[in-house]
Amino acid sequence: MTTPTLAVWKFTSCDGCQLTLLDCEDELLTLAGRIRIAHFVEASSAVEPGPYDVSLVEGSVSTPDEQRRILEIRAQSRILVTIGACASHGGIQALRNFADMTEFASVVYASPQYISTLDTVTPIAAHVPVDYELRGCPIDRHQLLETLCALLAGREPDLPNTSVCSECKRRGNTCVMVADGIPCLGPVTQAGCGALCPSYHRGCYGCFGPMERPNIGALLPILRINGMDAVDIDRVFSTVAVAAPDFADRSRDEPSQ
Ligand code: SF4
Ligand code: SF4
Ligand code: SF4
């Protein structure tokens, strides 16, 4: 039996999700005996040509070259897994979808005429079919290892589609929103991080993006009761999953006042 091959790709991103893979250290050594890392330029300049059994894709599509490259990578990959909020939702760079790109470029770059960019930043799934999506900024290392082990074993990865609240309950956390009035997006955010922020007495700010069918309309009045005004609410939803349709259209299902 031939050893399965793994490729890791970067699009518009900060590299933090690829670093999570490198951060797996001990587990990577074990994995390295079961899988051949054929393309991972952040870790090694030695790259092998495709096809690849599994591709991990970090980052969003923001340039014409990335638009072309993701099609090539999909064609060479048996299984394609996106890693992180940039790849799943566009990331923080998708904030420019809600602004004037020309104005942004003129402020940020000394010579904006050399910038070649698309009008909007889009997630990988807007361009090619995605087999599995690992959420978060950065991704959760346990989810990454679970996914790689599952794919090696030929089974489906165990990726939850419930809310962060369900993980809070499993950990036995006291709810920071109910007990302390700290605004929290946990009720509408996809689980997977192990309720990291509430476990450290902080509200969730939604880095895993919206869960399946989130009831955002019901959460908005609770955020207001806990001291958030319209600007605060805009800000808390405008982070790494700002372009996720459920977060972007958040007032759509809100009951009339
Ligand atoms: S999701 Fe976050 S950590 Fe991952 S590449 Fe994007 S900005 Fe970096
Ligand atoms: S702290 Fe946040 S995530 Fe945890 S139960 Fe309360 S609302 Fe849900
Ligand atoms: S609690 Fe929310 S913001 Fe914190 S890591 Fe989990 S999904 Fe991200």
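Just so it is clear, the structure is predicted and the values come from calculations on it, not from any experiment.

Trainee: Give me the pairing of strand 3 (residues 52-58): which residues, what numbers.
Mentor: Along a regular strand, successive side chains alternate from one face of the sheet to the other. Where burial is concerned, most of strand 3 is hidden: six out of the seven residues are buried. Here strand 1 (residues 5-10) pairs with strand 3 via five bridges, running parallel. For alanine 7, the partnering residue across the bridge sits in strand 3 and is serine 55. For strand 3 and strand 4 (residues 77-83), the ladder comprises six bridges, and the chain directions are parallel. In the sheet register, valine 57 faces strand 4, and the bridge partner there is threonine 82. For the crossover from strand 3 across helix 3 (residues 64-76) to strand 4, the handedness is right-handed.

Trainee: Just give me the short version of the site of ligand 3, but keep the residues and values in it.
Mentor: With respect to spatial proximity, the complete set of residues near ligand 3 consists of Thr189, Cys193, Leu196, Cys197, Pro198, Cys204, Tyr205, Gly206, Cys207 and Phe208. A breakdown of the residues in the shell around ligand 3 according to their chemical character gives eight nonpolar, two polar and no charged.

Trainee: Help me get a handle on the site of ligand 1, residues and values and all.
Mentor: Residues in close proximity to ligand 1 include Ser13, Cys14, Asp15, Gly16, Cys17, Glu58, Gly84, Ala85, Cys86, Gly136, Cys137 and Pro138, which together make up its full environment. Taken together, the elements giving at least two residues each to the shell around ligand 1 come down to helix 1 (16-22) and helix 4 (85-89). Of the residues that constitute the shell around ligand 1, the class distribution is six nonpolar, four polar and two charged.

Trainee: Let's hear about the sheet that holds strand 3: which residues, and what values?
Mentor: Pairing is parallel across the open sheet formed by five strands, whose spatial order is 2-1-3-4-5. The open sheet terminates on both sides in strands that have one partner only, identified here as strand 2 (36-39) and strand 5 (132-134). For this sheet, the mean inter-axis angle between neighbouring strands, taken without regard to orientation, is 30 degrees. Sitting on the sheet, helix 3 is in contact with strand 1, strand 3 and strand 4, with an inclination near 130 degrees to strand 4. Against the sheet, helix 6 (residues 141-153) engages strand 1, strand 3, strand 4 and strand 5, with an angle of about 160 degrees to strand 5.

Trainee: Give a description of the packing of aromatic side chains that names residues and reports values.
Mentor: By the definition in use, this model includes two aromatic pairs. Here the aromatic rings of tryptophan 9 and tyrosine 52 are separated by 5.6 Å at their centres, their planes lie at 70 degrees, and the arrangement is edge-to-face. One end of the pair, tryptophan 9, is in strand 1; the other, tyrosine 52, is in strand 3, and 43 residues separate them in sequence. You can call tryptophan 9 buried: its relative accessible area is 8%. Ring geometry for phenylalanine 237 and phenylalanine 247: centres 5.1 Å apart, planes at 80 degrees, overall edge-to-face. Of this pair, phenylalanine 237 sits in helix 11 (residues 230-237) while phenylalanine 247 sits in helix 12 (residues 245-248), placing them ten residues apart in sequence. Of the two residues, phenylalanine 237 and phenylalanine 247, neither departs from the other in class, the shared state being buried. The ring of phenylalanine 11 has arginine 69 lying over it, and the distance from NZ or CZ to the ring centre is 4.1 Å.

Trainee: Residues and numbers for helix 11, please.
Mentor: Among all positions in helix 11, only Ile233, Val236 and Phe237 are buried. Summarising the axial view, the buried residues of helix 11 lie within an arc of 95 degrees, below the 170-degree limit, and thus occupy one face. For helix 11, the secondary structure elements touched by its buried residues are helix 10 (216-225) and helix 12. At the N-terminal boundary of helix 11, the capping side chain belongs to aspartate 229, with an oxygen 3.1 Å from the backbone nitrogen of valine 231.

Trainee: Quick rundown of the pattern of salt bridges? Include the residues and the values.
Mentor: Going through the model one piece at a time under the given rule, you end up with ten salt bridges. Of the charged contacts in the structure, one is a salt bridge between glutamate 133 and arginine 135, with a shortest N-O distance of 2.9 Å. Residue classification places arginine 135 among the buried positions, given a relative accessible area of 9%. Arginine 213 is the salt-bridge partner of glutamate 212, the closest N and O atoms lying 3.5 Å from each other.

Trainee: How would you summarise the environment of asparagine 97 if you had to cite specific residues and measurements?
Mentor: With respect to the element layout, asparagine 97 can be found in the loop between helix 4 and helix 5 (101-108). Remark: the alpha-carbon pair of asparagine 97 and aspartate 65, spanning 32 residues in sequence, is separated by 18 Å. Apart from residues lying up to four places away in sequence, asparagine 97 is in contact with Thr120, Val121 and Ala243.

Analysis parameters
Residues numbered from 1 in each chain as written. Chains lettered and ligands numbered in written order. Predicted model: local features only at pLDDT ≥ 70, side-chain atom pairs only at ≥ 80, totals over all residues. Heavy atoms only, no water. Buried < 20%, exposed > 50% of the residue type's maximum accessible area, 1.4 Å probe, protein only. Helix = DSSP H or I, 4+ residues; strand = E, 2+ residues; numbered from the N terminus. Pairing = 2+ DSSP bridges. Right-handed = clockwise from strand over helix to strand, strands pointing away. Near = heavy atom within 4 Å. Nonpolar A, V, L, I, M, F, W, Y, C, P; charged D, E, K, R; others polar. Axes fitted to C-alpha atoms, helices over the stretch in contact; angles between N-to-C directions. Contact = heavy atoms within 4.5 Å. Phe/Tyr/Trp six-rings, centres within 6.5 Å; stacked < 30°, edge-to-face > 60°. Lys NZ or Arg CZ within 6 Å of the ring centre and 35° of its normal. Arc of directions from axis to C-beta. Polar contact = N/O pair within 3.5 Å; in protein donor to acceptor, adjacent residues only side chain to side chain. Salt bridge = Lys/Arg side-chain N within 4 Å of Asp/Glu carboxyl O.

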